[in-house]
Amino acid sequence: MRVHFHGAAGEVTGSLHEVEAAGRRVLLDCGMIQGSPEAERRNAEVFSFEPAALDALVISHAHIDHIGRVPLLVRRGFRAPIYAQQATADLMPIMLMDAASISEGDAERHNRYRRAGEPEAQPLFTREDVTAAMELVRPLPYDTRATILPGVDIAFREAGHILGSSSVELWADERKLVFSGDLGPKGTPILRDPADIDRADLVLMESTYGDRLHRDRAETIRELGDILDTAWRDGGNVLIPAFAVGRSQELLYWFARHWDEWQLSRWHIFLDSPMAAKVVSIYDRHADLFDEDAQRVWREKPNPFRLPNLHFTQSREESMAINRIERGAIVIAGSGMANAGRILHHFRHRLDRRQTHVVFVGYQAEGTLGRRLVDGAKWVRIHGRDVRVNAQRHTVGGLSAHTDQRGLMAWYGAIAGGDGTRHPPLALVHGEDRAREALAGEIGDTYGVQATLARPGVVLDV
Ligand SMILES: [Zn+2]
């Protein structure tokens with residue numbers, strides 16, 4: 001068995017690994033590179049392998065940095081089956097259609113204002129490409145070993161990161177490879193904890209927070225309750241930029257769980273994201289994947305997705321109408337880093353008021369509006385207009401969807417080596433160098449294993 005690293009090998013996006021085994025080629029993930037415009041231009045480059053020569057694609061989860069180049073792969077000749085856990089298979093078209101619409105819109109805008117002689121912009125992929133790709137998807141349940149090619153078996157195991165997120169076990173050539181996918185922290189709301197994997201001959205593990213320890217979650221949740229309380233006393237609105245998958249549903253879950261304690265019945269709560277609303281319906285369909293705590297909340301508390309004062313806003317007009325509410329509204333809207341989406345018009349109307357509370361519940365990348373606000377900007381530019389920022393800003397830091405150094409160490413430490421060795425060889429993917437060097441150091445000290453830092457072009461034999 002041989003592994004080639006093509007993407008998310010020295011960075012956190014663009015997940016793309018290739019396994020050569022049993023005379024076949026299997027791709028693990030085909031994600032989009034995300035970040036600066038220069039970084040994102042790399043998505044359009046030719047693949048470093050022949051898409052038509054692949055025999056299968058296995059998807060770890062529905063985040064765009066793990067699936068975002070699938071339609072492009074298909075457009076360039078890939079015709080083999082795409083395997084994904086059932087909930088992942090349901091989330092994929094929502095995520096990919098959204099990405100296609102954004103890409104088509106960007107290209108159209110560019111071409112409308114293009115100067116004479118400038119080349120015409122093409123979308124990275126279109127909605128038709130997404131439809132073609134989705135026809136190849138074959139859903140599989142968790143914990144079920146399936147033969148996907150002669151001599152190649154796989155199984156999806158819970159990764160506790162987002163709904164449907166999986167670690168992948170792959171057997172071929174009498175060897176077993178384990179790909180972590182993205183691993184969530186233990187106790188992630190709604191989801192079960194990452195499954196324990198018994199053994200492996202080679203492990204590919206993510207390392208996003210390989211150099212960090214997360215804050216205590218209970219403390220974070222208390223903080224969120226306190227912020228809502230202060231905001232109510234101030235007589236303003238609460239604006240929460242959040243990603244459509246995961247964080248939006250998680251917030252509703254916390255609201256249901258602390259319904260009485262936080263006196264939430266006095267608020268109007270808006271999930272102002274048609275995409276997040278679609279994702280809610282996928283959660284409903286896969287309630288069997290929820291953990292015990294969630295099952296209890298669904299039994300004993302108001303249904304998080306049917307809170308009596310929860311409004312799903314669909315049309316643009318409905319979304320704009322929220323701006324007329326002076327006080328008592330909690331608005332959850334995308335995008336999570338406030339670089340696009342409906343949160344922008346809420347910001348434009350409300351950031352100048354001292355009574356407004358903005359709550360950041362996720363990572364804010366360099367160069368985004370969210371980051372500028374977190375860093376204390378007094379003025380920001382939104383939709384071509386300068387907006388004075390008087391709103392109170394809060395960063396609630398403990399809600400990460402990725403586990404920390406301790407969690408990564410524990411997950412890897414529980415896997416036995418295939419040939420009777422205590423720990424299997426390890427390659428670290430999906431992390432920046434600072435994070436994975438720190439993690440590799442800890443793993444060397446604790447387990448005596450020298451981890452490989454995967455880079456594009458690196459090949460590992462096992
Ligand atoms: Zn992810």
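Residues numbered from 1 in each chain as written. Predicted model: local features only at pLDDT ≥ 70, side-chain atom pairs only at ≥ 80, totals over all residues. Heavy atoms only, no water.

Asks: So what about the overall build of the protein chain? Which residues, and what values?
Replies: Broken down by element type, the protein chain carries 14 helices and 24 strands. In summary, the protein chain has a C-alpha radius of gyration of 22 Å against a globular reference of 23 Å for 462 residues, a match within 12%. For the protein chain, the spread of C-alpha atoms along the three principal axes comes to 65 × 60 × 40 Å. Considering the protein chain as a whole, with its 462 residues, one finds that 57% of them fall into the buried category. In the protein chain, of all internal contacts separated by at least 6 residues, the share reaching a separation of at least 24 is 73%. Accessible surface, the protein chain as shown: approximately 19500 Å² in total, 47% of it carbon and sulfur. Taking the average location of the 56 positive side-chain charges in the protein chain and that of its 64 negative ones, the two points are 6 Å from each other. (Helix = DSSP H or I, 4+ residues; strand = E, 2+ residues; numbered from the N terminus. Rg over C-alpha atoms; globule rule 2.2 N^0.38 Å. Buried < 20%, exposed > 50% of the residue type's maximum accessible area, 1.4 Å probe, protein only. Contact = heavy atoms within 4.5 Å. Areas by Shrake-Rupley, 256 points an atom, 1.4 Å probe, with all protein chains shown as cover. Lys, Arg positive; Asp, Glu negative; His and termini not counted. Charge placed at Lys NZ, Arg CZ, Asp CG, Glu CD.)

Asks: A description of the domain arrangement of the protein chain should follow, citing residues and the corresponding values.
Replies: The domain boundaries assigned to the protein chain delineate domain 1 (2-212 + 401-461) and domain 2 (217-399). Computed over C-alpha atoms only, the centres of domain 1 and domain 2 are separated by 29 Å. At the junction of the two partners, domain 1 supplies 21 residues and domain 2 supplies 21 residues. Counting each side, the surface lost to burial between domain 1 and domain 2 is near 1900 Å², with a carbon and sulfur contribution of 71%. When residues of domain 1 are sorted by the area they lose upon contact with domain 2, Leu-163, Pro-189 and Ile-190 head the list and together hold 37% of the total. There are 1 salt bridge connecting domain 1 and domain 2. Here Asp-90 and Arg-285 are joined by a salt bridge, their closest N and O atoms 3.1 Å apart. If you look at where domain 1 meets domain 2, you find 6 residue pairs in polar contact (both at pLDDT 80 or more). (Domains from an automatic or database assignment. Buried area = accessible area lost by both parts, 1.4 Å probe. Salt bridge = Lys/Arg side-chain N within 4 Å of Asp/Glu carboxyl O. Polar contact = N/O pair within 3.5 Å; in protein donor to acceptor, adjacent residues only side chain to side chain.)

Asks: How would you sum up the UniProt feature "domain: Beta-Casp" (unreviewed entry) in the protein chain? Please name residues and give values.
Replies: The UniProt record annotates "domain: Beta-Casp" (unreviewed entry) at residues 248-373. Counting secondary structure, residues 248-373 comes out at 40% helix and 13% strand; the distance between its end C-alpha atoms is 20 Å. (UniProt positions renumbered as here; feature names shortened; annotations may be inferred.)

Asks: Any details on the coordination of the zinc ion? Residues and values, ideally.
Replies: All of the protein donors around the zinc ion are His-61 (NE2), His-63 (ND1), His-161 (NE2) and Asp-182 (OD); their distances to the metal are 2.2 to 2.4 Å. Coordination geometry of the zinc ion: the 4 donor atoms subtend angles of 87 to 169 degrees at the metal centre, consistent with an arrangement described as irregular. In the primary sequence, the donor residues of the zinc ion line up as H-x1-H-x97-H-x20-D. Of this pair, His-61 sits in the loop between strand 4 (56-58) and helix 2 (64-67) while Asp-182 sits in the loop between strand 10 (175-179) and strand 11 (199-200); the two residues are 121 residues apart in sequence, bridging distant segments of the chain. Like Asp-182, His-61 is buried. (Donors = N, O, S within 2.8 Å, 3.2 Å for Na, K, Ca; no water. Tetrahedral: all angles 85-135°; square planar, octahedral: opposite > 155°, others 65-115°.)

Asks: Please set out the sheet that holds strand 5 (residues 82-85) residue by residue, giving values where relevant.
Replies: As summarised here, the arrangement of the 7 strands in space is 6-5-4-3-2-1-24, forming an open sheet in which the pairing is mixed. Two strands bound the open sheet, and with one partner strand each, they are strand 6 (137-140) and strand 24 (459-461). Across this sheet, the average inter-strand angle for adjacent strands is 25 degrees, counted without regard to direction. Direction of pairing for strand 5 relative to strand 6: parallel, over a ladder of 4 bridges. (Pairing = 2+ DSSP bridges. Axes fitted to C-alpha atoms, helices over the stretch in contact; angles between N-to-C directions.)

Asks: Provide a residue-level description of the environment of Val-238, including the pertinent values.
Replies: Within the secondary structure layout, Val-238 lies in strand 13 (residues 238-241). Once the C-alpha coordinates of Val-238 and Val-358 are considered, the two residues, 120 residues apart in sequence, prove to be 5.8 Å apart. Residues within four places of Val-238 in sequence aside, it is in contact with Leu-228, Ala-231, Trp-267, Ala-329, Ile-330, Val-331, His-357 and Val-359.

Asks: So what about the UniProt feature "domain: Metallo-beta-lactamase" (unreviewed entry) in the protein chain? Which residues, and what values?
Replies: Mapped onto the present numbering, the UniProt feature "domain: Metallo-beta-lactamase" (unreviewed entry) falls at residues 13-236. Helix makes up 30% of residues 13-236 and strand 23%. Its end C-alpha atoms lie 37 Å apart.

Asks: Got a sec to walk through the sheet that holds strand 14 (residues 268-272)? Specific residues and values, please.
Replies: Taken together, 6 strands build an open sheet; the order of strands is 15-14-16-13-17-20 and the sheet is parallel. Each having just a single partner strand, strand 15 (310-312) and strand 20 (392-395) make up the two edges of the open sheet. Put simply, the sheet's adjacent strands are angled 20 degrees from each other on average, direction ignored. Relative to strand 16 (residues 329-333), strand 14 is paired through 5 bridges, and the arrangement is parallel. Residue pairing across strands places Asp-272 opposite Ala-333, the latter belonging to strand 16.

Asks: Account for the pattern of salt bridges, with residues named and values stated.
Replies: Once their charged atoms are close, side chains differing in charge can pair, the charge on each being opposite to the other. Within this structure, the stated rule accounts for 31 salt bridges. Close ionic contact of Arg-381 with Asp-386 constitutes a salt bridge, the shortest N to O distance being 3.1 Å. The partner of Arg-455 in a salt bridge is Asp-433, with the nearest N and O atoms 3.3 Å apart. Of this pair, Arg-455 sits in the loop between strand 23 (452-453) and strand 24 while Asp-433 sits in helix 14 (residues 433-447), placing them 22 residues apart in sequence. Exposure remark for Arg-455: the relative accessible area of 34% places this residue in the partly exposed category.

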